[in-house]
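One letter stands for each residue in the lines below.
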Amino acid sequence: MKRIDLIFLLLPMLAGCTSEIPMVNLGIDDAYYIPRMSKLPLESALTGEKYVWTVNGDTVSTDRSYIFLAREEGTYAMSFEIVDDSTPYYFEFTVTVLHEEVEYSPYISRVYEYCPAPGQFVNEMPKYEPGDTYADILKKCEESISGTNDVMITLGAYGGYVTFGFDHTVINVVGEKDFRIWGNAFYELTNPDARGGSAEPGIVMVSYDTNCNGEPDDEWYELAGSEYYKPETLHDYSITYSRPEPGHIPQEDETGYLDDVTYIPWRDSEGMTGYVAKNIFHSQEYFPMWEVGEKLTFWGSRLAPNGIDLSETGRYYVLYAYDYGYVDNHPNDFADLNSFDISAAVDSAGKHVSLPGIDFVRVYTGLNQYCGWLGETSTEIARACDLHIELPGTPLPNPLNNQSLSK
Ligand SMILES: [Ca+2]
Ligand SMILES: [Ca+2]
Ligand SMILES: [Ca+2]
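Cut-off values and rules
Residues numbered from 1 in each chain as written. Chains lettered and ligands numbered in written order. Predicted model: local features only at pLDDT ≥ 70, side-chain atom pairs only at ≥ 80, totals over all residues. Buried ≥ 20, exposed ≤ 12 C-beta atoms within 10 Å, placed from the backbone. Helix = DSSP H or I, 4+ residues; strand = E, 2+ residues; numbered from the N terminus. Pairing = 2+ DSSP bridges. Axes fitted to C-alpha atoms, helices over the stretch in contact; angles between N-to-C directions. Core = buried A, V, L, I, M, F, W, Y, C linked by C-beta atoms within 7 Å. Contact = placed C-beta atoms within 7 Å.

## Looking at the pairing of strand S14 (residues 179-182)
Logical step 1: Across the two faces of S14 the burial is the same, with Phe 179 and Ile 181 and Arg 180 and Trp 182 all buried.
Logical step 2: Two elements, S14 and strand S25 (residues 339-340), share two bridges in a ladder whose sense is antiparallel. Bridging from a neighbouring strand, Arg 180 pairs with Ser 339 of S25.

## Quick word on the sheet that holds strand S20 (residues 258-268)
Strand pairing in a sheet relies on backbone hydrogen bonds, with the paired strands running either antiparallel or parallel.
Logical step 1: Spatial ordering of the open sheet is given by S21-S20-S19-S22, a layout of four strands whose pairing is antiparallel. Looking at strand neighbours, the two that pair on one side only are strand S21 (273-279) and strand S22 (295-302), the edges of this open sheet. Ignoring which end each strand starts from, the neighbouring axes of this sheet average 35° apart.
Logical step 2: Strand direction decides the pairing type here: strand S19 (residues 234-242) and S22, joined by seven bridges, are antiparallel. In the sheet register, Tyr 241 faces S22, and the bridge partner there is Leu 296.

## Concerning the pairing of S19
Logical step 1: By the bridge criterion, three bridges tie S19 to S20 in an arrangement that is antiparallel. Each bridged residue has a counterpart across the sheet, and for Thr 240 the counterpart in S20 is Arg 267.

## Quick look at the nonpolar core
Logical step 1: Core analysis: the biggest nonpolar cluster contains 74 residues, and Val 162, Val 204, Val 206, Val 276, Val 361 and Val 363 have the highest contact counts within it.
Logical step 2: The residues contacting Val 204, other than those within four sequence positions of it, are Leu 223, Val 327, Phe 340, Val 361 and Val 363.
Logical step 3: Ranked by size, the runner-up nonpolar core spans 16 residues in total, among them Tyr 51, Ile 67, Phe 68 and Ala 70.

## Focus: unusual backbone geometry
Logical step 1: The step from Met 125 to Pro 126 runs through a cis peptide bond, and the omega angle for that step is 5°.
Logical step 2: With respect to the helices and strands, the residue Pro 126 is situated in the loop between strand S10 (110-115) and helix H1 (134-145).
Logical step 3: Non-glycine residue Asn 56 carries a positive phi angle of around 50°.
Logical step 4: Within the fold, Asn 56 resides in the loop between strand S5 (50-55) and strand S6 (58-61).
Logical step 5: We note that Asn 123 has phi near 75°; this positive angle belongs to a residue other than glycine.
Logical step 6: On the secondary structure map, Asn 123 appears in the loop between S10 and H1.
Logical step 7: Taking the number of C-beta atoms within 10 Å as the measure of exposure, Asn 123 has 24 and is therefore buried.

Quick look at the structure:
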């Protein structure tokens, strides 16, 4: 096939996404240099009937545009073809993937959103101080869970979420788990084999920055955990919490542990209603104080309740861990059970999707459950880590509490 100079609309020259959109004639300038684990968006300025992109001889896309992304350093032989009877084109070029200039961090570097549902640790983890705006709270969240700061944040009751990212794209390595998240789950010591104690499973969603604007405004996919396809798991569930009415009169319960059993009312898409109660251990406001609206609505999948009251009098709940695929579900020393494979991503219809990598992770509390004086079930997070970035001198990052990674 005849080689013809092809005008490409090349988005960034280096290091992923910029707002510059220079027109580059690839027939003259046909080599690209990018850091590993960063995206190179390519789009043909010319149109035709069909398109074929190849990397090292393998067809990787048949769309008009293609985002190149590689974990390994080296030079990649690329081709782009427009299959068209009247104006066919074929073009070859190279992408050289280099080591990043400033070493990547394997840990969280950015928190994009923090929207907890009401809960007993809300306004405390992180701490709300009078006058704090949403931007202030977001910054506190970022300081809490970035790097190895390991300061726990709460997501509150069902649906509350946090969205975070790294200083690079997390590659979906085939056949391997890709990132890990730390919570504060534990098994009760009397019966650890039952894997019950404090398991407050959070559902994980991932997103690839396909429009390359650095913002989490692209399509989201849930990572299907062990419960995803079970009939007791609800999809398209939603819930709305209302701020307590002015002049609301607290109602204590007879156990003495709850100050106000009708504190924050909720209504869900199943037609159920209930309350997030206030307990005697946490006297601050439970509705996020930086929020200005009267209602907070959340949606997603909802897992079945996992808590059992062994006392049968509301005094001793054990929350049993689900098998796999959730945050804050198994203790942190179980590395594998707290690690996630991007290949578990499914679309809104439950169909598996193939993502080359992800730029954004969202975690939300997956249960709408209230357990006596333990209060509402809420996912907590302290750290996350890309499993494909090595640290000099340590083969894998150290987990919290110096617990062994090898379990
Ligand atoms: Ca993977
Ligand atoms: Ca985006
Ligand atoms: Ca927890």
